[in-house]
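# Results of the structural survey
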Number of protein chains: 2
Amino acid sequence: MYICKFTTFVAAFALASTINAQAQVKEDFVPSSMNQPGQEYPMVNSEGYARFRVMAPEAKSVSVTLGLGGQGGTKLEKQADGSWTGTTAGPMDEGFHYYHLIVDGAPFNDPGTLNYYGSCRWESGIEIPAHDRDFYALKNVPHGNVQQVLFHSPSTGTERRAFVYTPAEYGKTNKRYPVLYLQHGWGEDETAWSNQGHANLIMDNMIANGEIEPFIIVMTYGMTNDIKFGGINKFDAKEFEKVLVDELVPYIDANFNTIADRDHRAMAGLSMGGMETKLITMRRPEVFGYYGLLSGGMYSPEDLKGSNVHKVFISCGSKENPDGVTAAVKKLKEAGYDATSYVSPGTAHEFLTWRRSLHEMAPLLFK
Amino acid sequence: MYICKFTTFVAAFALASTINAQAQVKEDFVPSSMNQPGQEYPMVNSEGYARFRVMAPEAKSVSVTLGLGGQGGTKLEKQADGSWTGTTAGPMDEGFHYYHLIVDGAPFNDPGTLNYYGSCRWESGIEIPAHDRDFYALKNVPHGNVQQVLFHSPSTGTERRAFVYTPAEYGKTNKRYPVLYLQHGWGEDETAWSNQGHANLIMDNMIANGEIEPFIIVMTYGMTNDIKFGGINKFDAKEFEKVLVDELVPYIDANFNTIADRDHRAMAGLSMGGMETKLITMRRPEVFGYYGLLSGGMYSPEDLKGSNVHKVFISCGSKENPDGVTAAVKKLKEAGYDATSYVSPGTAHEFLTWRRSLHEMAPLLFK
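Everything numeric in this text was worked out from a predicted model, so none of it was measured. (Residues numbered from 1 in each chain as written. Chains lettered and ligands numbered in written order. Predicted model: local features only at pLDDT ≥ 70, side-chain atom pairs only at ≥ 80, totals over all residues. Heavy atoms only, no water.)

## Notes on the relation of the copies chain A and chain B
After a rotation of 180° and a shift along the axis of 0.0 Å, chain A superposes on chain B with an RMSD of 0.0 Å. Such a combination of turn and shift is consistent with a two-fold rotation axis. Of the C-alpha atoms belonging to chain A, the one lying closest to the rotation axis is found on Gln147(A), 2.0 Å away. Counting the interface residues of chain A, we find that 100% of their copies in chain B are interface residues as well, pointing to one common contact surface. (Least-squares fit on C-alpha atoms with pLDDT ≥ 70 in both. Contact = heavy atoms within 4.5 Å.)

## Things to note about a positive patch on the surface
A surface patch of positive charge is lined by Lys60(A), Lys78(A), Lys60(B) and Lys78(B). Here Lys60(B) lies in the loop between strand S3 (50-55) and strand S4 (62-64). (Patch = residues over 30% accessible without salt bridge, like charges linked within 9 Å, V, L, I, M, F, W, Y side chains within 5 Å. Areas by Shrake-Rupley, 256 points an atom, 1.4 Å probe, with all protein chains shown as cover. Salt bridge = Lys/Arg side-chain N within 4 Å of Asp/Glu carboxyl O. Lys, Arg positive; Asp, Glu negative; His and termini not counted. Charge placed at Lys NZ, Arg CZ, Asp CG, Glu CD. Helix = DSSP H or I, 4+ residues; strand = E, 2+ residues; numbered from the N terminus.)

## A word on the sheet that holds strand S12 (residues 121-128) of chain B
All names here are of chain B. The strand order across the open sheet formed by three strands is S8-S12-S11, and the pairing between neighbours is antiparallel. Each of the sheet's edge strands pairs with one partner strand only, and the pair in question is strand S8 (95-99) and strand S11 (115-118). Between one strand axis and the next, the sheet turns by 50° as a mean value, whatever way the strands run. Note: S11 against S12, four bridges, orientation antiparallel. Its bridge partner lying in S12, asparagine 115 is registered against serine 124. (Pairing = 2+ DSSP bridges. Axes fitted to C-alpha atoms, helices over the stretch in contact; angles between N-to-C directions.)

## A look at the pattern of salt bridges
Scanning the model with the defined rule gives 38 salt bridges over all chains in all. With a closest N to O distance of 3.3 Å, Arg356(A) and Glu94(A) form a salt bridge. Residue Arg356(A) is located in helix H7 (residues 351-361), and its partner Glu94(A) is located in the loop between strand S7 (83-87) and strand S8 (95-99); the two are separated by 262 residues in the primary sequence. Its relative accessible area of 25% is what places Glu94(A) among the partly exposed residues. Between Glu27(B) and Arg51(B) there is a salt bridge, with its nearest N and O atoms 2.9 Å apart. Taken as a pair, Glu27(B) in the loop between helix H1 (5-16) and strand S1 (30-31) and Arg51(B) in strand S3 lie far apart in primary sequence, 24 residues in all. (Buried < 20%, exposed > 50% of the residue type's maximum accessible area, 1.4 Å probe, protein only.)

Just distances and angles here, no functional claims.
Below is the structure:
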């Protein structure tokens, strides 16, 4: 089952509208960690409120597509100095959110933030500090690298891009590593798991803490089908399967110190990337031995027949379909599969769900 | 001598205002290669004109900070469908240009383009196809990787980022490589040489053509001093020297297959990065054996006394200070130094000058 962003958006509206807009807001705002260097706004406080400020002296209206129920986001108010400011009517969910500005009816990015590829465009992003953010914090530990690779794809006639996380110890000896192929969601691209997901920092910290054995992660672009929300039901990921399995996997095995067999190769993805994972692992069980669906559907026991899968991981946010996830995993276990479910507390179809899911899934892989 | 962007901006104004705005424009516009995926605008034609289109139905005025003399850029005209469109009054210089929109008096990025870090912010970018663009084109040749590394910096108390270009053959044997440390300009960052400069593609193509022996390039953030245009004269790059020479160089030598001596280590930079190169190579000649200043000042024979430098490369665009560059190199040669000058035809203080400079400089290094 594919949960599109629009559904989540509506759910967020419903939630926000139950919050009293007159509540006292704690005045401990600090710049969002996703801001451009030196930019003060947007800010976030310890309760999860977001505050915006944009200079637009001659604009007639400025709003933000985030934070307020039923009115299209947060309306900003014009100040005497020509800036527009406003605070969300209630606390936001912890973690990362995409948004943009509406300036006189037209969409623009907030000049204060870095941009993140989502909804098929580079969007503004804001980070509401999560209580458990330590696991993806940038620390003074040995850091792995995120390598941009360009590989030739005969099936599409293009040079394509992937990012490869190699652990800190990689390359210092001839040691070979298992590989997780990790896919982004609809409208995102191969930058999402590093930029929004901090996958490299999650791995660095877990490896430094001795929580996992090092492995490689490969992230590439999965929107090879021209899909829109309306066309999602026809989505079969066959073109992408060719790129991933027949072109990228051999490239990675030829160019990195991998253990090149299904027992040391996993595939996982978030949202649409989960759909792709399900479709591709079902058609090519000889390639991958570990499967992960992160807010991206479920396997039934029938789906896995003959797959010889070593481990199935299925997760979502508590504001998505947690009962569906736990029920699916219960059924898989009853049918004899090694399956684990995870529900991210207090999150919806957004990146904190997936950061936490990677953190929960990583120790289960390649056992 | 440091040529700031403002000077170049004024020069571009003077040029553009001499062009007849009524000229017939060739209608062979195609999307700029720097656009976001699937975005049609901005467009460029074969003569170097740029055409913009932005949806902003309720805006009172929209302009672009590019292309028209004396009026603050190109004013866009409102169309019946709520979009604003306009074409530069004349052809732009070939290559990459930063810009942004002014919507009702406020700066926003063009939703059509990718963003590039310049002027200490992520800006819109456009590419006017250059007649010689083949040397930085993405081709089906063996590609090197661009690796993001995070290194600990005791002197600044931070985890810092660098990008490392490793040639396609890197890591397949135990072969060790020379290293070029390559710096960005004022207001840019460690992403500039890959994103705007295509340094990796320039290297891939030259290596594939047998024009150079493979080497590594390291690009890191050089704005450790809190400098603004007004403070540029006090700029001494001493903090940055510590990060670069005492922290990053040892990190690279410990983590990559480098030849770790001055005879196999070069430093070069564009604009402010050239200033840094000059200051740092003069103070630490035992670290670097090859120096490159790209639109970033010159060495006098006195500057190089006792340096034992193997090669000096000095370049700029023909619209900058070409006579100064050639005269400086002439003096260096007369004093017995191995020096080469290069003047990029028809370009100013912009990235096509520096792409070409890297292309000219690379074959001269590590001989």
